[in-house]
Amino acid sequence: MFAMMAIVPGVLIYSVSLQFAIKSIDSWFDVRVDTALESAIALGRGSLDYLLDQLEAKADTISQGLADGEALRPVRLNRLREQVGADAALIFTASGDIVATSNIDPTRLLPDLPSASQLRDLRKTHRLRQVESEEGGQLRLRIVVELPSLQLRADPYYLQLLGSVPEPFSHHASTVQDAYQDYQQLALGRAGLRQIYTLTLTLTLLLALFAAAAAAFVFARRLSAP
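Below, the structure is looked at part by part. (Residues numbered from 1 in each chain as written. Predicted model: local features only at pLDDT ≥ 70, side-chain atom pairs only at ≥ 80, totals over all residues. Heavy atoms only, no water.)

A tally of helices and strands in the protein chain yields 6 helices and 5 strands. Ordered by position from the N terminus, the helices and strands of the protein chain form the series α-α-α-β-β-α-β-β-β-α-α. Relative to the compact-globule value of 17 Å for 226 residues, the protein chain shows a C-alpha radius of gyration of 33 Å, a clear excess of over 25%. Dimensions of the protein chain, computed from C-alpha atoms along their principal axes, come out at roughly 115 × 35 × 30 Å. Looking at the protein chain as a whole, 28% of its 226 residues qualify as buried. With an accessible surface of roughly 14700 Å², the protein chain has 62% of that area assigned to carbon and sulfur atoms. The centroid of the 21 positive side-chain charges in the protein chain is displaced by 7 Å from the centroid of its 24 negative side-chain charges. (Helix = DSSP H or I, 4+ residues; strand = E, 2+ residues; numbered from the N terminus. Rg over C-alpha atoms; globule rule 2.2 N^0.38 Å. Buried < 20%, exposed > 50% of the residue type's maximum accessible area, 1.4 Å probe, protein only. Areas by Shrake-Rupley, 256 points an atom, 1.4 Å probe, with all protein chains shown as cover. Lys, Arg positive; Asp, Glu negative; His and termini not counted. Charge placed at Lys NZ, Arg CZ, Asp CG, Glu CD.)

Structurally, Arg190 can be placed in helix H6 (residues 190-224). Here Arg190 falls in the partly exposed class, since its relative accessible area comes to 29%. For the pair Arg190 and Asn103, spaced 87 residues apart in sequence, the C-alpha separation works out to 50 Å.

Structurally, the position occupied by Leu203 is in helix H6. On the basis of relative accessible area, Leu203 is assigned to the exposed category, the value being 51%. Taking C-alpha positions, Leu203 is 38 Å from Glu38, a pair spaced 165 residues apart along the chain.

Turning next to the pattern of salt bridges. Under the counting rule described, the total for this entry stands at 9 salt bridges. Ionic pairing is found between Arg127 and Asp60, a salt bridge with its closest N-O pair at 3.4 Å. Taken together, the residues span a long stretch of sequence, with Arg127 in strand E3 (residues 127-133) and Asp60 in helix H2 (residues 31-65) at a distance of 67 residues. Look at Asp60 and you get partly exposed, because its relative accessible area is 27%. The salt bridge involving Asp112 is made with Arg140; its shortest N-O contact spans 2.6 Å. Taken as a pair, Asp112 in the loop between strand E2 (98-103) and helix H4 (116-125) and Arg140 in strand E4 (residues 139-146) lie far apart in primary sequence, 28 residues in all. (Salt bridge = Lys/Arg side-chain N within 4 Å of Asp/Glu carboxyl O.)

Moving on, we come to unusual backbone geometry. Despite not being glycine, His126 has its phi angle at roughly 65°, a positive value. Topologically, His126 is positioned in the loop between H4 and E3.

This brings us to the pairing of strand E5 (residues 157-164). Regular strands place their side chains on alternate faces of the sheet. Here E5 lies mainly inside the structure; 6 of its 8 residues are buried. For strand E1 (residues 88-93) and E5, the ladder comprises 6 bridges, and the chain directions are antiparallel. The partner of Ala89 across the bridge, within E5, is Leu161. Note: E4 against E5, 7 bridges, orientation antiparallel. Bridging from a neighbouring strand, Arg142 pairs with Leu162 of E5. (Pairing = 2+ DSSP bridges.)

Further remarks concern the sheet that holds E1. The strand order across the open sheet built from 5 strands is E2-E1-E5-E4-E3, with neighbouring strands paired in antiparallel fashion. Among the strands making up the open sheet, the edge pair consists of E2 and E3. Strand-to-strand, the axes of this sheet are offset by a mean angle of 15°, without reference to chain direction. The sheet strands contacting helix H3 (residues 74-84) are E1, E2 and E5, and the helix crosses E2 at an angle near 40°. (Axes fitted to C-alpha atoms, helices over the stretch in contact; angles between N-to-C directions. Contact = heavy atoms within 4.5 Å.)

Right under this line is the structure:
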């Protein structure tokens, strides 16, 4: 009787707790939450593509302005950069030699050249569009286009424009990306979470039942000994 008094409520509490835990885990992975995160990611990518398109249009504008055959001088490049409103402009050759450079920050003397892998891709596609992450999570846009030349050159000229992404947008985009990655990791461990909760509740129930059975035998002996 002592054992049954412990088993019946224990099994009842076990069943209710297990169902509550499983439903709670399922509620974490609501379809609407997944859809909302994917929509936020798609919205952020669309916004970045729009900013890249704008920067690419500015690069084409400068490229057309440099196609008149005049000398490529830093003063002229700086004037064109200010007209389109880019953060930095750079003209370089396919081998990485700098021809002219202009930057909105006068304290930044060294230009930011594309990496070796970007240069290899640039030789194949003749155009580069990329969103890069700087220190502190700030996003930056990079556009590289090939300059039209009036002469056939073995080492063509390229124009690079750099643009910054507004800090609030970079912060929100990084937050959404981190939340989406965390959500995907939790989604992959969904079955594992169910098994962990089920195993934990089962072991707790068995421990409680064994303790109740042991206590029942002790009390039964004490009551029946006299």
